[in-house]
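Chain by chain, the residues run as shown.
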Amino acid sequence: MKIAISQPTYLPWQGYFGLIDFVDEFVFLENVQFVKRSWQQRNKIRDKNKEIILSIPVESKNKYYQKIYEVKLYEFEKSRKKHIQIIKSSYSKSKYFKIYFPNYENIMNQNYSKLSDLNKSLIMHFCKELKIKTKITTDTSYNFKSKNIDYLKDICLKKRGLEYISTLGSKNYLGDLDFFPNTEIKIRFFNFKDVEYIQSNDDFLPKLSILDLLFNLGPNSLNYLRKNFYICS
């Protein structure tokens, strides 16, 4: 069984969903320290011919050691209205905007107090839109004392995974390991290729939120995700 483990990020980039689709179980990594100004609270969309970053404010003053699942949103009512309006302005002329925007807006207009709850709701919604059937769970029920690589290993052992699939960006963190120490759990890396597709403007911008893909490719988005990656050791 293939396992992937990752933080619930805000409006994730397209490769995030390619990874979810590829594995048998995807585990939200929430019981770890929150990193301010990370992808956990921001992501990129296209606005005309440039990329812009949408960032969700959170309560962080004097909360350096808070876990991801503990992080509270700050003035969410204000920021969600701003994000909804920016996305509407940026993508209203995209081919599939009218199909996917209303459901996204509906989720954003719900009452959330915590960042991870908002992120997970959006991620689960996008998986549904993409028709991704992967089992998705979270690590918040575990009481492991381990940290870092050993913590990831313990999750995989708990899930009886045979392979741990990580993003290529984590290769430096995991080093030259082919297997988790003292296990037969193989470590492999998911590399998303960001192959060009037709966007609403002339020049292609890679590594944007899943929203950009859905608004421009619509029902063909999952096929795009499945064709544009490779796995390496």
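Residues numbered from 1 in each chain as written. Predicted model: local features only at pLDDT ≥ 70, side-chain atom pairs only at ≥ 80, totals over all residues. Heavy atoms only, no water.

Draft legend 1. Quick look at the overall build of the protein chain. The number of helices and strands found in the protein chain is 8 helices and 8 strands. For the protein chain, the spread of C-alpha atoms along the three principal axes comes to 55 × 45 × 30 Å. Each of the 233 residues in the protein chain was classed as buried or not, and the buried ones make up 52%. Intrachain contacts of the protein chain at a sequence separation of at least 6 include 67% that bridge at least 24 residues. (Helix = DSSP H or I, 4+ residues; strand = E, 2+ residues; numbered from the N terminus. Buried < 20%, exposed > 50% of the residue type's maximum accessible area, 1.4 Å probe, protein only. Contact = heavy atoms within 4.5 Å.)

Draft legend 2. Focus on the packing of helix α3 (residues 97–108) against helix α4 (residues 115–130). Orientation of α3 relative to α4, taken along the N-to-C sense of each, is 160°, at an axis distance of 10 Å. Regarding the angle of α3 to α4, the classification is roughly antiparallel. Between α3 and α4 lies a crossing whose hand is right-handed. Contacts between α3 and α4 pair Tyr100, Asn103, Tyr104, Ile107 and Met108 from the former with Leu118, Ser121, Leu122, His125, Phe126 and Glu129 from the latter. By residue class, the composition of the contact of α3 with α4 is 7 nonpolar, 3 polar and 1 charged. (Axes fitted to C-alpha atoms, helices over the stretch in contact; angles between N-to-C directions. Parallel < 35°, antiparallel > 145°, perpendicular 65-115°, else oblique. Left-handed = near helix turned anticlockwise from the far one by under 90°. Nonpolar A, V, L, I, M, F, W, Y, C, P; charged D, E, K, R; others polar.)

Draft legend 3. Fine view of the nonpolar core. Core analysis: the biggest nonpolar cluster contains 57 residues, and Phe17, Ile87 and Tyr104 have the highest contact counts within it. Not counting residues within four places of it along the chain, the set of residues in contact with Ile87 comprises Leu11, Ile45, Leu54, Ser92, Phe97, Phe101, Tyr104, Leu211 and Phe215. In terms of nonpolar packing, the next biggest core, distinct from the first, is built from 16 residues, Ile149, Cys156, Tyr164 and Ile185 among them. (Core = buried A, V, L, I, M, F, W, Y, C linked by side-chain atoms within 4.5 Å.)

Draft legend 4. Focus on the pattern of salt bridges. Scanning the model with the defined rule gives 13 salt bridges in all. With its nearest N and O atoms 3.7 Å apart, the salt bridge here joins Lys44 to Glu51. Residue classification places Glu51 among the partly exposed positions, given a relative accessible area of 40%. Taking the shortest distance from any N to any O, the salt bridge between Asp47 and Lys50 comes out at 3.7 Å. What makes Lys50 partly exposed here is its relative accessible area of 45%. Connected through shared salt-bridge partners, Glu30, Asp117 and Lys120 make up one network. (Salt bridge = Lys/Arg side-chain N within 4 Å of Asp/Glu carboxyl O.)

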